[in-house]
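Breakdown of the fold
What follows is the residue order along each chain.
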Amino acid sequence: MTETTSPPAASEAPAYPMTRSCPYRMPVGYEELRERGPLTKVTLYDGRQVWLVAGNEVGRTLFPDPRLSSNVLHPNFPFLAPRIAAQTQQRAAPPLVGVDDPEHGRQRRMVIPGFGIRRIAALRPEIERIAEGLVDDMIERGSPAELLSQYALPLPSAAICALLGVPYEDRGYFDERSRHVLSSAGEDEADRARTAFTEILTYLHDLIARKEKQPGDGLIDELIAHQLSEGSVDTHELAMVCSLLLVSGHETTSNMIALGTVTLLEHPEQLARVRADDTLLPGAVEELMRFTSIGDVLMRVAVEDIEIAGQTIRAGDGVAMSTMLMNRDPHAWDDPDTFDITRSSGRHVAFGYGIHQCIGQNLARAEMEIAFRTLFRRIPGLRVPVASDRLPLNAPYVLQGVAELPVEW
Amino acid sequence: MTGADVAITIATDRCIGAAMCALTAPEVFTQDDEGVSRLLPGAPVRAHDGRVREAVRACPVQAITVHDD
């Protein structure tokens, strides 16, 4: 019997996403993906082929294109893993990240005053106090330590709670739950992620109710005083928006602090330069963002045909935007696989690009600068006793990073 | 005309408060209390100012326009 059709060879549309073996290097298969060109196809877990955007210019053109939708409730929206598909469908569309304009724009405009650069600058002394306090505790408990749970996670946790106005004593409640929502890997953890999200949402409903009676000092209080009392948002949407900010504010930066520490320790000459010259720190943070690209794959669905890079993305096609491949595009940077804190990495898309670009990016920058400066100043002999390719890593379809980080000094 | 003052406009209705412009060219751009980007009053801007061009490119929603005559 003659085959009339045959599935495409694996090499035509490789399986995606791919797993890193070293937490800050590209997965092995990325070399080939990069050579194939800026816009190619890959195959997801369910056999579906989607577009893979790998080129920096093509990515920077497509990210702002309104014909690419972030609406996770679109029937053709692609997911990277069954767990994410199940989680998203049960939860309804998350605000901001899972909706398009005009809904997105209304939600975004509501919260951007809280993340303005002057507001973040004013928060820096508080973030410095948080970092110093955590290092004090770590030194007191002594070497060895686990950096993720003792430093990298509680630091951004305390900072986003301070910004939002979540009471200090409630902070610990979120640390574990946020981790379950965004980074828990196995299929068996889907229930835990769902429970954690529900608990966070319930807490925020309670907190909003408490704050309506007794206002405090934070972004949530401002949103209650203005948007909620004016009726431009209801309590449920406000709780959803705040829970998204709270969870995103925990998990993203904590992965960057842990993975950034590993990356700097494994590039000791560059670490020495940062320590000797504080003015190199902001550039080092940008380069860490570019180099590690922890939020590697951002999914979209085309809602109209798009002609780009000599191809046609059809309405209904799934699109996987690989920030790591865009950030390692040899057309955009010389020696893109070299970690160089002095390079101009300003055109990286590690915070995304387009209307969904990270709202907390300037908070994250401040947290990272303070976290690295404080850690390496206070514990100059810090080391990781295992090679980075032996550290336990997060699953390929969630934020990239190490699942734990043993340190000694 | 290289070296001449140029006009810059910001589509503030499109601004998403990323502050990339204010980070890239802080002598020209700032943010208001709503987190929306604004031009610093009286900021001298020249057509050849590379940082302004970079700010235009850095803006994630392409809300900044430089008007060359």
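Residues numbered from 1 in each chain as written. Chains lettered and ligands numbered in written order. Predicted model: local features only at pLDDT ≥ 70, side-chain atom pairs only at ≥ 80, totals over all residues. Heavy atoms only, no water.

A few words on the interface of chain A and chain B. It is common to report an interface's size as the accessible area lost on association of the parts. The interface of chain A with chain B comprises 18 residues on the first partner and 25 residues on the second. Carbon and sulfur atoms make up 42% of the area that chain A and chain B hide from each other, which totals about 1,800 Å². Counting every contact that joins chain A to chain B gives three salt bridges. B:D33 serves as the salt-bridge partner of A:R118, at 3.7 Å between the closest nitrogen and oxygen. Elements supplying a minimum of two residues to the side of chain A that touches chain B: helix 2 (56–62), helix 4 (103–111), helix 5 (117–141) and helix 15 (361–378) of chain A. Broken down by element, the residue count for the side of chain A that touches chain B peaks at three residues, all from helix 15 of chain A. Here the residues of the side of chain A that touches chain B sort into six nonpolar, five polar and seven charged. (Contact = heavy atoms within 4.5 Å. Buried area = accessible area lost by both parts, 1.4 Å probe. Salt bridge = Lys/Arg side-chain N within 4 Å of Asp/Glu carboxyl O. Helix = DSSP H or I, 4+ residues; strand = E, 2+ residues; numbered from the N terminus. Nonpolar A, V, L, I, M, F, W, Y, C, P; charged D, E, K, R; others polar.)

For helix 9 (residues 190–213) of chain A, with 24 residues, the first-to-last C-alpha span of 35 Å sits near the 34 Å given by 1.5 Å per residue. Among the residues making up helix 9 of chain A, those that are buried are A:A190, A:A193, A:A196, A:F197, A:I200, A:L201, A:Y203, A:L204, A:L207, A:I208 and A:K211. (Expected span 1.5 Å × (residues − 1). Buried < 20%, exposed > 50% of the residue type's maximum accessible area, 1.4 Å probe, protein only.)

Next up on the list: the packing of aromatic side chains. Residues and elements named next belong to chain A. One pass over the structure, following the stated rule, counts five aromatic pairs over all chains. Relative to F339, the ring of F291 lies with its centre 5.2 Å away and its plane at 45°, an arrangement referred to as tilted. Of this pair, F291 sits in helix 13 (residues 281–292) while F339 sits in the loop between helix 14 (323–327) and helix 15, and the two are 48 residues apart along the sequence. Given a relative accessible area of 1%, F291 falls into the buried group. Site record: aromatic cluster; members linked through ring pairs are Y24, F291 and F339. Here the basic side chain of R290 rests over the ring of W333, its NZ or CZ set 5.4 Å away from the ring centre. For the cation-ring pair, R328 lies above F291, with the distance from its terminal atom to the ring centre recorded as 4.2 Å. (Phe/Tyr/Trp six-rings, centres within 6.5 Å; stacked < 30°, edge-to-face > 60°. Lys NZ or Arg CZ within 6 Å of the ring centre and 35° of its normal.)

Another point: the sheet that holds strand 2 (residues 49–53) of chain A. Spatially, 1-2-8-5-3 (chain A) is the arrangement adopted by the five strands of the open sheet, whose pairing is mixed. The outermost strands of the open sheet, each flanked by one partner alone, are strand 1 (39–43) and strand 3 (68–69) of chain A. (Pairing = 2+ DSSP bridges.)

Glancing now at the packing of helix 7 (residues 154–164) of chain A against helix 15 of chain A. Residues and elements named next belong to chain A. Taken N-terminus to C-terminus, the directions of helix 7 and helix 15 make an angle of 140°; their axes are 11 Å apart at the nearest point. One element, helix 7, and the other, helix 15, form an angle in the oblique class. For the pair helix 7 and helix 15, the sense of crossing is right-handed. Here L155, P156, A159, I160 and L163 of helix 7 come into contact with helix 15, specifically with L363, E367 and A371. Taken together, the residues of the contact of helix 7 with helix 15 break down into seven nonpolar, no polar and one charged. (Axes fitted to C-alpha atoms, helices over the stretch in contact; angles between N-to-C directions. Parallel < 35°, antiparallel > 145°, perpendicular 65-115°, else oblique. Left-handed = near helix turned anticlockwise from the far one by under 90°.)

Okay, the packing of helix 9 of chain A against helix 10 (residues 219–230) of chain A next. All names here are of chain A. Across the interface, helix 9 lies against helix 10 with an axial gap of 10 Å and an inter-helix angle of 70°. Judged on the interaxial angle alone, helix 10 and helix 9 are roughly perpendicular. Of helix 10, the residues touching helix 9 (which contributes L204, L207, I208, K211 and E212) are I220, D221, I224 and L228. In the contact of helix 9 with helix 10, the residues fall into six nonpolar, no polar and three charged.

So, on to the pairing of strand 1 (residues 7–10) of chain B. All names here are of chain B. What you see with strand 1 is a clean split: I8 and I10 sit on the buried side and A7 and T9 on the side with no burial. In terms of strand pairing, strand 1 meets strand 4 (residues 64–67) through four bridges, oriented antiparallel. Across the sheet, I8 pairs through a bridge with V66, a residue of strand 4.

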